[in-house]
Structures are given as structure tokens and as C-alpha cells.
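If you want the building blocks of each chain, they are given just below.
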Amino acid sequence: MRSGSETRRRLVDAAERVIRDKGLARATTKEIAREAGCAEGTLYLHFADKLDLVRAVHEKFLPSFVEVAAGTAGRAGSRTVRANLVELAEGALALYRDLLPLGSSMFAAPDLLERYRTLLRARGAGPHRAIEPVVAYLEAEQALGRVPAGADLAAAAVLLLGACHQVVFVEQMVGQGALPLGGSPAARLVDALLAGLTPARPTDRADTEDEA
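Per chain, the residues get numbers from 1 upward, laid out in the order the sequence is written. Only residues with pLDDT of at least 70 are given local features in this predicted model, and only at 80 or more are side-chain atom pairs given and counted; all residues enter the totals for whole chains, interfaces and linings. Each side-chain value is derived from all of the structure's non-hydrogen atoms; neither hydrogens nor water enter the calculation.

A. Structural view of the overall build of the protein chain. Each helix is a run of H or I in the DSSP string that is no shorter than four residues. Each strand is a run of E no shorter than two, and both are numbered from the N terminus. Scanning the protein chain from N- to C-terminus turns up eleven helices and zero strands. Listing each helix as α and each strand as β along the protein chain from the N terminus yields α-α-α-α-α-α-α-α-α-α-α. Seen through its C-alpha atoms, the protein chain measures out along the principal axes to roughly 70 × 35 × 35 Å. Exposure categories follow from relative accessible area, calculated using a 1.4 Å probe and restricted to protein chains: below 20% of the type maximum is buried, above 50% is exposed, and the middle band is partly exposed. Evaluated residue by residue, the protein chain yields a buried proportion of 37% over its 212 residues. Contact criterion: two residues are considered in contact whenever any of their non-hydrogen atoms come within 4.5 Å of each other. Of the contacts formed within the protein chain by residues at least 6 apart in sequence, a portion of 67% connects residues at least 24 apart. Each accessible area is a Shrake-Rupley result for a 1.4 Å probe, and residues are judged covered by the shown protein chains and nothing else. About 11,700 Å² of surface is accessible on the protein chain, with carbon and sulfur atoms providing 56% of the total.

Right under this line is the structure:
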């Protein structure tokens, strides 16, 4: 006899497979229940509706990134800023590789998307929250003098996560290797970000002022 938690997990896994195979619009609760090997009525014992199930599918992938982000924040002052950010970027790439196909399918169902937005707002959740642990880590490093004072940390976090998202988007649209980033895009992205966080030398500022 299956436990309630096992049945719930089977339903979430089945929903993920059906959404990936058929898209969100064609992923009916009946089809998901069939894929999970249970009655449609059983699905509604664990989830209020299709939207609740979609939310659970999305949240299935969050703990691994949250763990990486929390670990990064706790490493302020240890290793190097580069090593810590590369680890975080690799976690973001893994998250987006899992979530992007699922999240993109949401845009094919405008009514469900709007309901999902309402749900996220009510829960204080959403993809924008991903920048918070990155900013927290950079703030901790800034306080230790390992990130320059005055650096725009929110913009830096958006640039890093946005670049990771773009890498995955291109990978999944046209295939890996389309971007000239070699075998370690996380390291390349972090190196470019850190170059931007490095204060300009006095001579560089003077040259810029002269050009202006």
C-alpha cells in the first residue's frame, strides 16, 4: 500500500513527464493521473487543482539550488569570491536546465499563467527571489572588503543569474556549443562579472572623463 507522501511524489513526477512530453496545455489531470498509475480522484486528494500540481512540479527543483545558495552565503570570507560564485552559477545553470522547459510552457496557457502569478504574489514567491541569496553573499563579501564598496550588488546578481538563464535558453533552443563559452560557462560568466566589479584604475577614470 502506497503512503500519501509516495503517492504525492508519483503524481508530481508524472506531471513533470507529461508536461515535458506534451506541454502544459495538453497535460490534463486525467492524463497525469493515468501516468502516475492512479485514479484522477486520487490526484485531487493531494492537490487542489492543476495549478497546485504545477506549483509542486516547479518547487521540486528548488531545494538543490537553495542548498547551493545557502552554502555560498555561508562561505563569505573563505575560498575565493570566484570559486564561490562559480559554484553558485553552476547551481543556477542546473536549476534553469530543469525549470526552463516547464516554465516556458506556462506562457502557452495565459489563463493558468495569470492564476500562477496571483499564487506567487500571495506566497511572496517567484523567480525574482533567486537574486536575494546572491546579493546576501556579495554583501557579506563586501563587508569583508573582498568585493569593492559601491558596487551595484543587485545588478551584479541579476547579471549573473540572467546570463545563466540565457545560456540555458540557447542550449535548449539550438543545442549545446552554440555559445562561444567553452566547456565551463559558469567560470566564464563569473570571470566577466568579477572584471566588472573591479574598480577602475585612476588612469582609466581619467581616460573616460577625457573622452566625455
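Next comes the rest of the account.
B. Fine view of the side chain of Asp 52. Mapped onto the elements, Asp 52 comes out in helix α4 (residues 50-60). A polar atom in the side chain of Asp 52 sits 3.0 Å from the backbone nitrogen of Ala 48. Residues in contact with Asp 52, not counting those within four places in the same chain, are His 46 and Phe 47. Within 3.5 Å is the distance limit for a polar contact, defined as a pair of N or O atoms, with the added protein rule that one can donate a hydrogen and the other accept it, and that residues adjacent in sequence qualify only through two side-chain atoms.

C. Quick peek at the packing of helix α6 (residues 81-105) against helix α10 (residues 185-197). For helices, the axis comes from a line fit to the C-alpha atoms of the stretch in contact; other axes are also lines fit to C-alpha atoms, and the angle between any two N-to-C directions lies between 0 and 180 degrees. Their axes nearest at 8 Å, the elements α6 and α10 cross at an angle of 130°. It follows from the interaxial angle that α6 and α10 lie oblique. Relative to α10, the crossing made by α6 is right-handed. Of α10, the residues touching α6 (which contributes Val 81, Arg 82, Leu 85, Val 86, Ala 89, Glu 90 and Leu 93) are Pro 185, Ala 186, Ala 187, Val 190, Asp 191, Leu 193 and Leu 194. Note that Gly is not counted as nonpolar here; it falls among the polar residues with everything else outside the nonpolar set of Ala, Val, Leu, Ile, Met, Phe, Trp, Tyr, Cys and Pro and the charged set of Asp, Glu, Lys and Arg. In terms of residue class, the contact of α6 with α10 is built from eleven nonpolar, no polar and three charged. Each angle receives one of four descriptions, namely roughly parallel if under 35 degrees, roughly antiparallel if over 145, roughly perpendicular if within 65 to 115, and oblique otherwise. The hand of a helix crossing depends on one turn: near helix anticlockwise from the far one by less than a right angle means left-handed, and clockwise means right-handed.

D. Inspection of unusual backbone geometry at higher detail. Non-glycine residue Arg 79 carries a positive phi angle of around 50°. Of the residues examined, Arg 79 reaches a relative accessible area of 44% and is grouped as partly exposed.

E. Representation of the environment of Lys 22 within the structure. Here Lys 22 lies in helix α1 (residues 4-22). Between the C-alpha atoms of Lys 22 and Leu 11, which are eleven residues apart in sequence, the distance is 16 Å. One polar contact links Lys 22 to Glu 31, side chain to side chain, over a distance of 3.1 Å.

F. Geometry of helix α9 (residues 153-174). The span expected for a helix works out to 1.5 Å for each residue beyond the first. Spanning 22 residues, α9 covers 32 Å between terminal C-alpha atoms, matching the ideal 32 Å at 1.5 Å per step. Those residues of α9 lying buried are Leu 153, Ala 156, Ala 157, Leu 160, Leu 161, Cys 164, Val 167, Val 168, Val 170 and Glu 171. Buried positions along α9 lie against α5 (62-73), α6, α8 (131-143) and α10. Two or three places before Ala 154, at the opening of α9, Asp 152 has a side-chain oxygen 3.5 Å from that residue's backbone nitrogen. Two residues or fewer past α9, Gly 175 is found with a positive phi of approximately 105°.

G. How the structure looks around helix α7 (residues 110-123). An ideal rise of 1.5 Å per residue puts 20 Å on 14 residues; α7 measures up with 20 Å between its terminal C-alpha atoms. For α7, every residue scored as buried is listed here: Leu 112, Leu 113, Tyr 116 and Leu 120. Seen along its axis, α7 keeps its buried residues to an arc of 100°; they face one direction. Pointing more than 90 degrees away from the buried face of α7 are the exposed residues Pro 110, Asp 111, Arg 121 and Ala 122. For α7, the secondary structure elements touched by its buried residues are α4. Gly 124 lies just past α7 and shows a positive phi near 65°. Note that the arc is defined by the directions from the helix axis to the C-beta atoms.

H. View of the pattern of salt bridges. One side-chain nitrogen of Lys or Arg within 4 Å of one carboxyl oxygen of Asp or Glu is enough to make a salt bridge. Inspection of the entire model under this criterion finds 19 salt bridges. Two residues, Arg 123 and Glu 59, come together in a salt bridge whose shortest N-O distance is 3.0 Å. Of this pair, Arg 123 sits in helix α7 while Glu 59 sits in helix α4; the two residues are 64 residues apart in sequence, bridging distant segments of the chain. What makes Arg 123 partly exposed here is its relative accessible area of 46%. Judged by its relative accessible area of 29%, Glu 59 is partly exposed. Here Arg 75 and Glu 87 are joined by a salt bridge, their closest N and O atoms 2.6 Å apart. Of this pair, Arg 75 sits in the loop between α5 and α6 while Glu 87 is found in helix α6, placing the two residues twelve residues apart along the sequence. Using a relative accessible area of 27% as the deciding quantity, one classes Arg 75 as partly exposed. Overall, Glu 87 belongs to the partly exposed group, its relative accessible area being 26%. Each of the salt bridges in this network shares a partner with another, and the network as a whole consists of Arg 9, Asp 13, Glu 16, Arg 20 and Lys 60.

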